[in-house]
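Below are the chains, spelled out letter by letter.
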Amino acid sequence: MDKIGFIKKDIYNLECSVNGKLRNHDVELVTEYFMAEQKKNEAFYFKIEGDGHDRFSRCFWADAISRRAYGFYGDVVVFDTTFNTNRYNLTFAPMLGVNNHGQTIVLACAFLSKKTTESFVRMFEEFKKAMPGGEPKTIITDQDAAMAKAISIAFPTTFHRLCIWHITSKFSVKLPRDAYKEYWPEFQKAIWDTDNKDEFDAKWNIVVTKAGLTDLPWLSSMFDIRESWVPAYARQFFAARMSSSQRAEGSYGFFKQYISRRNSLMDFIIRFEKALSHQCEKELVADHVDAFEVAQCLLPMPMNKQMATLYTRTMFQKFEQELIQSTACFLELKTEDACKVVFNVSERKNWETRVAQVVYVKDSDHASCSCKRFEFVGIICKHILALFRRDQIEYMPDKYILKRWKKTAKSGLVSDANGNEIKDCADPGLLIKRSTMSRLASDVVEDALMSEERCELLSETLKSLQVKLKLLKDGPSNNEVGGSNSQTQYMKDPKRVRCKARSKGVTGAKEKAMKRGIRHCRECGHIGHDRRQCPALNTP
């Protein structure tokens, strides 16, 4: 430790010095970084906009990996804007999705200075330009009037689902304390334990009347928008098993390990890319496991073995649980009709019995269940599996196997609106050239380290070569700032938002006197001496 030439204070001072030099160049650095990424891969998409006074207002970006992922998993998007992450108090607004392993992935990112309908609409329009495949089927957000209006404008065919967790968590606040304590379990039953709309409406009205809350405006407003958050209404829309935006909030907890409110825009993006690389690594590990390993089947059934080879491990485990539970459903069959089968199976402990109705046409292998699990999750439910077992259907029909949950979900080409293929990496030829030149440069450096003379020669040669390469890249220019042509116009940085200062305490007379350098005697109260020197005590 005694040989270390710096201390923690030196690092802090260096950081302050670097930040001082980069002040008022933040947006310039971000712009150049995005342009550099676009040169590496043309599929990198970004848009930076100002507020009309040449000051940064918002930006949107999506790399090639995210754009390609949207082509496979863009059916469901989670959008949340509750995360302020930098010194400008800009809102970080990521668009998240779910891959074939059930992992959270980032589809696009944006910085917004305002949470207005206009700002959201412009962001969503850029999202549509960047992403292949059109609008998502479902978008999940929290309750925000400006956001809801923007979604209806930008995504008219998308089902807008509200986060059920945010809504149910407000019951304890919006309802009277006694009413919440007594009737909340009944509200839970109405919300979670109903499979059809009429049943929910009936249970909701009963509990509201019993609780005497028919005149509560908030409850009435929640009932009016029940199509957007109640499972009995919303379960018919595919949402990859998500009913809330907690996946986004969980991601924020992960990203907070890398970022803080002190970050500049450039700091944030660098740290955010580092966090994304860790997420991509987890996805690659899961891909590797699925490519070289086959999950062990608990049930030695042809259908189970079939799905073990098709589904990713995570999705296969969910399917196998449904298959195991289908045994109980098979034993609980109440009627055997060619078109309709009713199961009477308890789904939750201490809750009333729940009935699942399956409409099944054997000749066409068409089945639909009142639980809507296949429509909502994309995996066949135990009730339909019980019917397959009854009719000795050994293999899953293709129509019930979604590609997005398969191991081969990312196979195929993805093209943008102009028909250009979106590749998740740069041109392989460039990668080969880079590898070749890196090896050559490494060998040259190793040879030069053998003597001081060789090192000086290599250093001078590299400096000369760097100047020549810069001229070839930018052309001759006598006025350059920050490595870019002076004719390039950059937007001004956003206005910095300072943290709230510590409140000033009440200053007493003693503190005021100490500030002025004046001493008061505690014995006689006079100025100019203290108690030890007080004449009154020292007088004989």
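Residues numbered from 1 in each chain as written. Predicted model: local features only at pLDDT ≥ 70, side-chain atom pairs only at ≥ 80, totals over all residues. Heavy atoms only, no water.

A. Just the pattern of salt bridges, in detail. Following the criterion strictly, the structure yields 16 salt bridges and no others. Linking K40 and E37 is a salt bridge whose minimum nitrogen-to-oxygen distance equals 3.3 Å. Here E37 and K40 lie together in helix α2 (residues 26–40), a separation of three residues that amounts to about one turn. Taking relative accessible area as the criterion, K40 reaches 54% and is therefore assigned exposed. Across the pair E49 and R58 runs a salt bridge whose closest N-O atoms are separated by 2.8 Å. The class of E49 is buried, set by a relative accessible area of 13%. Looking at R58, the relative accessible area reads 13%, which means it is buried. Each of K47, E126 and K129 takes part in salt bridges that share partners, so that together they form one network. (Salt bridge = Lys/Arg side-chain N within 4 Å of Asp/Glu carboxyl O. Helix = DSSP H or I, 4+ residues; strand = E, 2+ residues; numbered from the N terminus. Buried < 20%, exposed > 50% of the residue type's maximum accessible area, 1.4 Å probe, protein only.)

B. Highlighting the packing of aromatic side chains. In the structure shown here, the tally under the stated rule is 35 aromatic pairs. A centroid spacing of 5.3 Å and a plane angle of 90° characterise the contact between Y70 and F127, whose relative ring orientation is edge-to-face. Placement of Y70 in helix α3 (residues 64–73) and of F127 in helix α4 (residues 117–130) is noted, with a sequence separation of 57 residues between them. Each member of the pair, Y70 as well as F127, is classed as buried. One aromatic cluster in this structure is built from F171, Y180, W184, F187, F200, W204, W218, F223, W229 and Y233. One cation-aromatic arrangement involves R226 over F223; the distance from NZ or CZ to the ring centre is 3.9 Å. The ring of W405 has R404 sitting right over it, with the charged end atom 4.5 Å from the ring centre. (Phe/Tyr/Trp six-rings, centres within 6.5 Å; stacked < 30°, edge-to-face > 60°. Lys NZ or Arg CZ within 6 Å of the ring centre and 35° of its normal.)

C. Region of interest: the nonpolar core. Grouped together as the largest cluster of nonpolar side chains are 60 residues, with contacts concentrated most on W61, F111, Y311, F319, F388 and M396. With six residues, the top contributor of residues to this core is helix α13 (residues 265–292). Counting 35 residues, the second largest nonpolar core, distinct from the first, contains A43, A62, M147 and F155. (Core = buried A, V, L, I, M, F, W, Y, C linked by side-chain atoms within 4.5 Å.)

D. Spatial organisation of unusual backbone geometry. Not every positive phi belongs to a glycine, and R241 is a case in point at roughly 75°. In this structure, R241 sits in the loop between α11 (231–234) and α12 (246–255). Non-glycine residue Q392 carries a positive phi angle of around 60°. Mapped onto the elements, Q392 comes out in the loop between α17 (382–390) and α18 (428–448). Classification of Q392 by relative accessible area gives exposed; the value is 68%.

E. Main features of α3. Across the ten residues of α3, eight count as buried, placing the element largely inside the fold. Within the span of α3, buried status applies to A64, S66, R67, R68, A69, Y70, F72 and Y73. Looking at where α3 begins, the residue whose side-chain oxygen comes 3.3 Å from the main-chain nitrogen of I65 is D63. (Polar contact = N/O pair within 3.5 Å; in protein donor to acceptor, adjacent residues only side chain to side chain.)

F. Structural view of the environment of E49. Assignment of secondary structure puts E49 in strand β1 (residues 45–50). Within the structure, E49 has its side chain in polar contact with the side chain of R58 (distance 2.8 Å). A distance of 2.6 Å separates a polar atom in the side chain of E49 from a polar atom in the side chain of R122.

G. The arrangement of the state of the cysteines in detail. Applying the stated criterion across every chain yields a total of zero disulfides. C109 provides the cysteine sulfur closest to C59, a residue in no disulfide bond, and the two sulfurs are 9.1 Å apart. (Disulfide = S-S within 2.5 Å.)

H. Broad picture of the packing of α4 against helix α5 (residues 145–154). At a closest axis distance of 8 Å, the pairing of α4 and α5 adopts a crossing angle of 40°. One element, α4, and the other, α5, form an angle in the oblique class. Crossing hand, α4 versus α5: right-handed. Along its contact with α4, which presents T117, F120, V121, F124, E125 and K128, the element α5 presents A146, M147, K149, A150, I151, I153 and A154. Class assignment of the residues belonging to the contact of α4 with α5 gives a composition of nine nonpolar, one polar and three charged. (Axes fitted to C-alpha atoms, helices over the stretch in contact; angles between N-to-C directions. Parallel < 35°, antiparallel > 145°, perpendicular 65-115°, else oblique. Left-handed = near helix turned anticlockwise from the far one by under 90°. Contact = heavy atoms within 4.5 Å. Nonpolar A, V, L, I, M, F, W, Y, C, P; charged D, E, K, R; others polar.)

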